[in-house]
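Each chain is listed here by its residues.
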Amino acid sequence: MRIAVTGSIATDHLMTFPGRFSDQLLPDQLQQVSLSFLVDELEIRRGGIAANISFGLGCLGLNPLLVGAVGTDFADYRAWLERHGVDCSGVHVSELRHTARFMCTTDTDHNQMASFYAGAMSEARNIELAPLGEIDLVVVSPNDPEAMVRHTDECRTRGIAFAADPSQQLARMDGAEVRSLIGGAAYLFTNEYEKALCEQKSGWSDAEILDRVDVRVTTLGSKGVMIDRKGEPGLHVPAAPEVRKVEPTGVGDAFRAGFLAAVAWNLGLERAAQLGNLVAAHALETAGGQEYTLVREDLLTRMGQAYGSEAAEEIAAHLG
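This is a predicted model, so every value here is computed, not measured. (Residues numbered from 1 in each chain as written. Predicted model: local features only at pLDDT ≥ 70, side-chain atom pairs only at ≥ 80, totals over all residues. Heavy atoms only, no water.)

Novice: Honestly, the layout of surface pockets in this entry has me stumped. Any pointers?
Specialist: The gaps of empty space that remain are located by a probe, the size of a water molecule, rolled over the atoms. By volume, the second largest pocket amounts to about 180 Å³. In terms of lining residues, the second largest pocket is bounded by 13 residues, among which T16, E41, T106, V246 and E247 are the most central. Secondary-structure elements contributing two or more residues to the lining of the second largest pocket are β2 (10-16) and β3 (41-47). At 3 residues, β2 tops the list of elements feeding residues into the lining of the second largest pocket. For the lining of the second largest pocket, the class distribution of residues is 5 nonpolar, 4 polar and 4 charged. (1 Å grid on protein atoms, 1.4 Å probe; cavity = no way out; pocket = protein on both sides within 12 Å on 5 of 7 lines; lining within 4 Å. Points joined across faces, edges and corners; volume = space filled by probe spheres on them. Helix = DSSP H or I, 4+ residues; strand = E, 2+ residues; numbered from the N terminus. Nonpolar A, V, L, I, M, F, W, Y, C, P; charged D, E, K, R; others polar.)

Novice: I would appreciate a short explanation of the pattern of salt bridges in the present structure.
Specialist: As a working rule, side chains carrying opposite charge can pair if their charged atoms are close by. A full pass over the atoms with the stated rule returns 20 salt bridges. With a closest N to O distance of 3.1 Å, E146 and R125 form a salt bridge. Here R125 lies in the loop between β7 (112-117) and β8 (137-140) and E146 lies in helix α4 (residues 145-158), a separation of 21 residues in the sequence. Of the residues examined, E146 reaches a relative accessible area of 48% and is grouped as partly exposed. Of the charged contacts, one joins E314 and R271 as a salt bridge, the two residues approaching to 3.3 Å between their closest N and O atoms. In this pair, E314 sits in helix α11 (residues 309-316) while R271 sits in helix α9 (residues 269-284), placing the two residues 43 residues apart along the sequence. Classification of E314 as partly exposed rests on a relative accessible area of 28%. A single salt-bridge network, built from bridges that share partners, covers K195, E199, D206 and R216. (Salt bridge = Lys/Arg side-chain N within 4 Å of Asp/Glu carboxyl O. Buried < 20%, exposed > 50% of the residue type's maximum accessible area, 1.4 Å probe, protein only.)

Novice: I keep staring at a nonpolar patch on the surface and nothing clicks. Help me out?
Specialist: Taken together, the side chains of L25, L30, V33, L35 and M113 define a hydrophobic patch exposed on the protein surface, amounting to about 410 Å² of accessible area. Along the polypeptide, L30 turns up in the loop between α1 (21-24) and β3. (Patch = residues over 30% accessible without salt bridge, like charges linked within 9 Å, V, L, I, M, F, W, Y side chains within 5 Å. Areas by Shrake-Rupley, 256 points an atom, 1.4 Å probe, with all protein chains shown as cover.)

Novice: Hey, could you run me through the sheet that holds strand β11 (residues 215-219) in this one?
Specialist: The strands making up a sheet associate through backbone hydrogen bonding, with each pair oriented either parallel or antiparallel. Strand order across the open sheet formed by 9 strands is β5-β4-β1-β8-β9-β10-β11-β12-β13, with mixed pairing between neighbours. Single-partner strands in this sheet number two, and they are β5 (87-93) and β13 (235-237). Taking the axes of each pair of neighbouring strands and ignoring which way they run, one obtains an average angle of 20° across the sheet. (Pairing = 2+ DSSP bridges. Axes fitted to C-alpha atoms, helices over the stretch in contact; angles between N-to-C directions.)

Novice: Even after reading the chapter, I still don't get the packing of aromatic side chains, so can you show me in this structure?
Specialist: Any pair of aromatic rings gets described here by the distance separating the centres and the angle formed by the planes. The full count for this structure, using the stated rule, is 10 aromatic pairs. A ring pair is formed by Y187 and F189, whose centres lie 6.4 Å apart and whose planes are at 20°; its orientation type is stacked. In this structure, Y187 and F189 share a single accessibility class: buried. The ring of W80 carries R46 above its face, with NZ or CZ at 3.9 Å from the centroid. In this arrangement the basic side chain of R212 is found over the ring face of W204, its NZ or CZ atom lying 4.1 Å from the centre. (Phe/Tyr/Trp six-rings, centres within 6.5 Å; stacked < 30°, edge-to-face > 60°. Lys NZ or Arg CZ within 6 Å of the ring centre and 35° of its normal.)

Okay, structure coming up:
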């Protein structure tokens, strides 16, 4: 299966605040917030949702096609991704703008406040999928909004299965745009909050969304993941135990990489969620969306401990 992952490619600037954001927010002053947080640590990491997902897929032995827009400062990042099995032939290089920047501060409760500079990402709307060759599944992850709509429409026109992953962009899209992004999706990925926002923005109920997508995947943080299909009972898959919690940036992207790898291997939805949860646990144990490593024997051992020997055996059959 050839998977194209469209979306943001960015540099992450990750900071740690040794306190709680909630302690700094005054309920009677929320209409005029002016806060500055003195942070203890700064990590500059490779990131962007599409790049993070592609990195995880590459680490699992697939060769995903990354589709997005970057600046001329992308050369070192490109080399890193290609060393980890990512096909960067679908990446457009802007002559005018820098690669996007994600700036995020995390408090002691793992709450986050972030800003995102789009930069070259705005040129992703000019990328056409057709010249990139045969594609079996397109992941439409957060990107320039016009690019997300264009890629989704092209998938429908060309009859290519697509996974809708609107996440952060839900906040800035109106109902018509949200409906256009998720209708007809083979997979719809959201977290619990985004699930509610998706319903509110689209004007569709949970049941109505299930009428319009094949599989709805809702990540629940430490509670695992819920998978829903029309006419079937919901499937809850518990989270994989983590060794330690370091930093949550990129955890959802790692989940998607594991889930989609299992889909590419024609494994069932439960196994896909299990692998997604396990890759997500690896990401949680490092700072940054592409700093974890997947060692075959360690991965299989942890899979067996979390989900049983049969799960480990099925994954082992597909890992290099």
